[in-house]
Amino acid sequence: MQKKLYFGSNLKMYKNIQDTVTYLQDLVSYTKDISREEIELFIIPSYTSLESATKNIEQSYIKIGAQNMCWEDEGQFTGEISPLMLKELGISLVMIGHSERRHVFGETDSEENKKVKAALNHGFTTLLCIGETAGEKDFGISTEVLRTQLKIGFHDVPASQTKNIWVAYEPVWSIGVNGTPASADYAESMHKEIKKALLEIFGDAGKDIPVLYGGSVNPGNADELIIQPSIDGLFTGRAAWQADKFNTLIRNAKATYEENSRL
Ligand SMILES: O=C[C@H](O)COP(=O)(O)O
């Protein structure tokens, strides 16, 4: 049976308001004809572009997400953004624990857990990002690191909330201009471990959580990644930031997946 495929991009600290709106409008026109029963498309712009994004874009075509969120509704948290403020903007998704939040800004697994619980309690689709560093991979502890990030990240989250959970596996060493993409085999083996851990954490409810791969996804590796049985989607940075190129990547990956599932 064919599964729904997830495609999304984090715009990081790129694109101003106008560029974001133009990008989103272009992406809607390019991809409008693809059934949203078959793909789920999401974009995570900068905070300053969120209001214009939600006003200009129909989220049945592209889910709009925030790059981070505070775990408290209000309080003395200078520089933070509350779940209520994000709700006010009408966004539907929140990303938690992106590699740059963990490794540039020092966020911990227990902070990600507080954010995950707050995001789920406020009804957001919650995308938890996990991934091992190059050093952890060299020590042979990738699986342990991923299991820890999942077990702490989802600590005390009831199985009844899994319908709003997505996971992105983004090995730290694979991300950004200096990253090396994971091979499809390596990514698949880590995705298998992630799916196993999700079953342990949530029981049967864990089996429907989509697990996306991210980290230097590009037109040259997207097709091979998407056909892996445990990879449910692609979370793309740089290769998605031009709407026409992202459209091509999505269509090629989808066609390859469909071809492969007919074999
Ligand atoms: O959030 C997206 C990831 O950080 C991947 O970025 P990248 O595709 O530019 O390596």
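What you see is a predicted model; the values in this text were computed from it and never measured.

### Here we look at the site of the ligand
Neighbouring the ligand are the residues N10, K12, H98, E170, I175, G176, G215, S216, F235, T236, G237 and R238. Side-chain polar atom of H98 to an oxygen atom of the ligand: 2.9 Å apart, as the coordinates give it. Here S216 contributes a backbone N or O atom positioned 2.9 Å from an oxygen atom of the ligand. Starting from 310 Å² of accessible surface for the ligand in isolation, the protein chains cover 99%. Considering only residue class, the shell around the ligand consists of 2 nonpolar, 7 polar and 3 charged.

### Here's the deal with the UniProt feature "binding site: substrate" (unreviewed entry) in the protein
Sites flagged by UniProt as "binding site: substrate" (unreviewed entry) map to N10, L11, K12, G176 and S216. A compact arrangement is adopted by the annotated residues: their sequence extent is 207 residues, whereas the largest C-alpha distance between any two is 14.1 Å. Set against the largest pocket, the annotated residues that line it come down to N10 and K12. Its place among the elements puts L11 in the loop between β1 (5-10) and α1 (17-31). The class for L11 is buried, based on a relative accessible area of 0%. Setting aside residues no more than four positions away along its own chain, L11 makes contact with T20, Y23, I43, I44, P45, Q67 and W241. Secondary-structure assignment places S216 in the loop between β7 (211-214) and α9 (222-226).

Each value, and the rule that gives it
Residues numbered from 1 in each chain as written. Predicted model: local features only at pLDDT ≥ 70, side-chain atom pairs only at ≥ 80, totals over all residues. Heavy atoms only, no water. Near = heavy atom within 4 Å. Polar contact = N/O pair within 3.5 Å; in protein donor to acceptor, adjacent residues only side chain to side chain. Areas by Shrake-Rupley, 256 points an atom, 1.4 Å probe, with all protein chains shown as cover. Nonpolar A, V, L, I, M, F, W, Y, C, P; charged D, E, K, R; others polar. UniProt positions renumbered as here; feature names shortened; annotations may be inferred. 1 Å grid on protein atoms, 1.4 Å probe; cavity = no way out; pocket = protein on both sides within 12 Å on 5 of 7 lines; lining within 4 Å. Helix = DSSP H or I, 4+ residues; strand = E, 2+ residues; numbered from the N terminus. Buried < 20%, exposed > 50% of the residue type's maximum accessible area, 1.4 Å probe, protein only. Contact = heavy atoms within 4.5 Å.

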